[in-house]
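Breakdown of the fold
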Amino acid sequence: MSDSDPQRADFVVVANRLPVQQSMSQGNEEWRPSPGGLVSALTSVLQSRNGLWIGWLGVSEHGDPPRTYEGIRLKAVDISSEEYENFYLGFSNATLWPLYHDAIRAPTFHRTWWQTYEEVNMRYATAAAEAVAPNGTVWIHDYQLQLVPNMLRELRPDVQIGFFLHIPFPPSELFMQLPWRREIISGLLGSDLIGFQVPHVASNFSRIARRLLGATGTDSILHYDGRIIRVGAFPITVDTAQIISMASDPKIRLRAREIRRDLGNPEVMLLGVDRLDYTKGIQQRLKAVTELYADGSLSGDKHVMVQVAVPSRESDAHYDLERHSLEQVVSEMNGDHSLVGSPVLHYLHQNLPFDELLALYLAADIMLVTPFRDGMNLVAKEYVTCRTDQTGKLVLSEFAGAAAELRGAFMVNPHDLEGIKEAIRLAMKAGPKEAKARMSRMRRKTLRRNVYDWAQSFLAALQQGSQDRTPTETHDASPSPSG
Ligand code: G6P
C-alpha cells in the first residue's frame, strides 16, 4: 500500500483477537461476532471513521474469515501452532496473566516465550503500520500487545497511538520480577495515551516508568524520550441501553421465571457467572457456600446456587487443573448437601448465549462476584444494569475494578472465607428496602455512562493530547472520566 492508498484506514484497532469468531451452527461453521463489550463499543467508532480491525482468528481456524464485519474491514494476523504455544499460552497467559493478577499462580519466565512475544508483537505492529493512513489513529488493546506501541512508533512516527490495558497492572514489588520489565515499559511508552481501568493502577505504571526508565513528570503526564505520554484511568463498562432493552423483553423475563421454576422455586437463588479462570475465586466462593449449608445458614429445600463456568484457555495446564479441582469442590458440595431431585448446586461448564445469561441474572436473588483480582469485571455491571426493578443483591470482591463504582454491593475480601460467608448472610438478611437502596445506588452510578462513552472518552483524551502536545508543558491533566 502506498501512503495515498485509499485502502489505508484513518482509525485502526489492534487487539489479540478479531471481532469475529468461528462457531458451529446446525453442523455448519459460521462466523459470528466475538462476545463482549469491546466489539459493540468499537463497532460504531470504526464505522464512522473508515476503520479497520487487526487481530487473530483464534485456534479453531478453518477457511477464510470474512473481509468485513458490519462494514468494518478486518485484517487477520496469522499465528503458527508454535507461536500459539509460546506467545499465547506461554508469555501472554502463563507469564503476564498470573504476574498481573497478584501472582495468584507463580508466573513462568522463559526466554523462548519472550522471543516469540517480541516477534508476534512485531507482526501486529507491522500490520498496523501498513494499514493506517498518514496521521491516522491506532488503538492497541491489552497485555498480549504491550510492545506494539513503541514498535509502531518507530515504523510510523506520524500516527497517534493509544493503548488500553483491560487487566490490572501490578504493583512494583511484583512487576520487578519480570526479566523483561524495561522492554515492556518502554514498549508501552511508545503510546501517546495509556489507559488503565482504575486510577491506582495507572499510578503503579507511572511510578514504575519513572523508576525503571527515568521518565519524569506526574502520574498522569510523563515525559520520556522528548515526548509526552498521558496516563489515566478509563473504567470500561457495558452496553447499558442494549442490556436494559433485552432485560425488558418478555421472552427473557419468561425464561427467568422458567429457570426459577426448574430450580424448584427456591426462596433464595444464588448465582455465579465467570470465565473458568483461577483468578475468579470460584472454588473459594463455593467452599463458603458449602460451609453455609453445613452450619445450617442455608438449607437444601430453600436455597439453590447456579454456577456458570465458561470454558476458557482449555489447552493450558493451569486451567485444566483449575477445572478439575473446581469440579471436585462442586461434587463435594452436591454430595454432602443435595436432596434427591434437587441438587444444591447447578454447575454449568458452558458458554451460554447472552440472553440466557440475562435470564439467569434476572432470576437470581444474590449474585456472587468474588475474583481474587480483576481488571474491572463486567458480569457485576451486567447484573446491576439488567435489574431494572431495583431488586437483587450483589456480593462483590473488593479486588475487582468494579468495586470502585459499585459501592452498594456487600463487599468481601475474596481470600477470607469467613468474610464471604458473613457477606452472604448479610445479603440474605437485608430486607427489600435496604436491597433497593443498595441496588439503586449501584444503578445510578452504572447507568451514567455506557461503553460508547468509554470509547469516546478515551479517543477524545488521545485527540486532546495530540492537540496540546508541546515539550514544555508542565500542567497536570486528568484524562480520567472517573476523576
Ligand atoms: C480477558 C482479557 C482479554 C481476553 C479475554 C478472553 O478478558 O482481558 O484480552 O481476550 O480475557 O481470553 P482469551 O485468552 O480467550 O482471549
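Residues numbered from 1 in each chain as written. Predicted model: local features only at pLDDT ≥ 70, side-chain atom pairs only at ≥ 80, totals over all residues. Heavy atoms only, no water.

**As for the nonpolar core**
Most often, soluble globular proteins keep nonpolar side chains buried together rather than apart. Spelled out, the test is: Remark: nonpolar core denotes a set of buried residues (Ala, Val, Leu, Ile, Met, Phe, Trp, Tyr, Cys) joined through side-chain atoms within 4.5 Å. Burial status follows relative accessibility: with a 1.4 Å probe on protein chains alone, a residue under 20% of its type maximum counts as buried, one over 50% as exposed, and anything between as partly exposed.
Counting 69 residues, the largest nonpolar core has Trp53, Leu394 and Trp454 as its most contacted members. Counting residues in each nonpolar core, the second largest holds 68 residues, with Ala94, Val120, Ala125 and Tyr319 among its members.

**Observations regarding the site of the ligand**
Convention followed: A cutoff of 4 Å decides nearness: a residue is near a molecule or strand if any of its heavy atoms lies inside that distance of it. For the purposes of these results, a polar contact is taken to be a pair of N or O atoms within 3.5 Å, where, inside protein, one atom must be able to donate a hydrogen and its partner to accept one; residues adjacent in sequence count only when each atom of the pair is a side-chain atom. Where accessible areas are quoted, they stem from the Shrake-Rupley method and a 1.4 Å probe; at the residue level, only the protein chains shown are allowed to cover. Under the grouping applied here, Gly and all other residues not named as nonpolar or charged are polar, the nonpolar ones being Ala, Val, Leu, Ile, Met, Phe, Trp, Tyr, Cys and Pro and the charged ones Asp, Glu, Lys and Arg.
Close to the ligand lie Arg17, Tyr88, Asp142, Tyr143, Gln144, His166, Ile167, Arg275 and Arg313, which account for all nearby residues. The separation between an oxygen atom of the ligand and a polar side-chain atom of Tyr88 is 2.5 Å. Contact distances for the ligand include 2.5 Å between an oxygen atom and a side-chain N or O atom of Asp142. When the ligand is considered free in solution it has 380 Å² of accessible area, and contact with the protein chains removes 70% of it. Of the residues that constitute the shell around the ligand, the class distribution is three nonpolar, two polar and four charged.

**Considering the domain arrangement of the chain**
Short version of the rule: Segmentation of the chain into domains, including their bounds, is taken from an automatic or database domain assignment. In this analysis, two residues are considered to be in contact whenever any of their non-hydrogen atoms come within 4.5 Å of each other. Just to be clear on terms, a salt bridge is a Lys or Arg side-chain nitrogen sitting within 4 Å of an Asp or Glu carboxyl oxygen.
Under the domain assignment used here, the chain contains domain 1 (9-236 + 453-467) and domain 2 (241-446). In this structure, domain 1 and domain 2 have C-alpha centres spaced 30 Å apart. Between domain 1 and domain 2, the residue contacts involve 20 residues of the former and 19 residues of the latter. Salt-bridge contacts for Asp102 lead to Arg373; the nearest nitrogen and oxygen are separated by 3.1 Å. Between the two partners, domain 1 and domain 2, sit eight residue pairs in polar contact (both at pLDDT 80 or more). Class assignment for the residues of the side of domain 1 that touches domain 2 results in 14 nonpolar, four polar and two charged.

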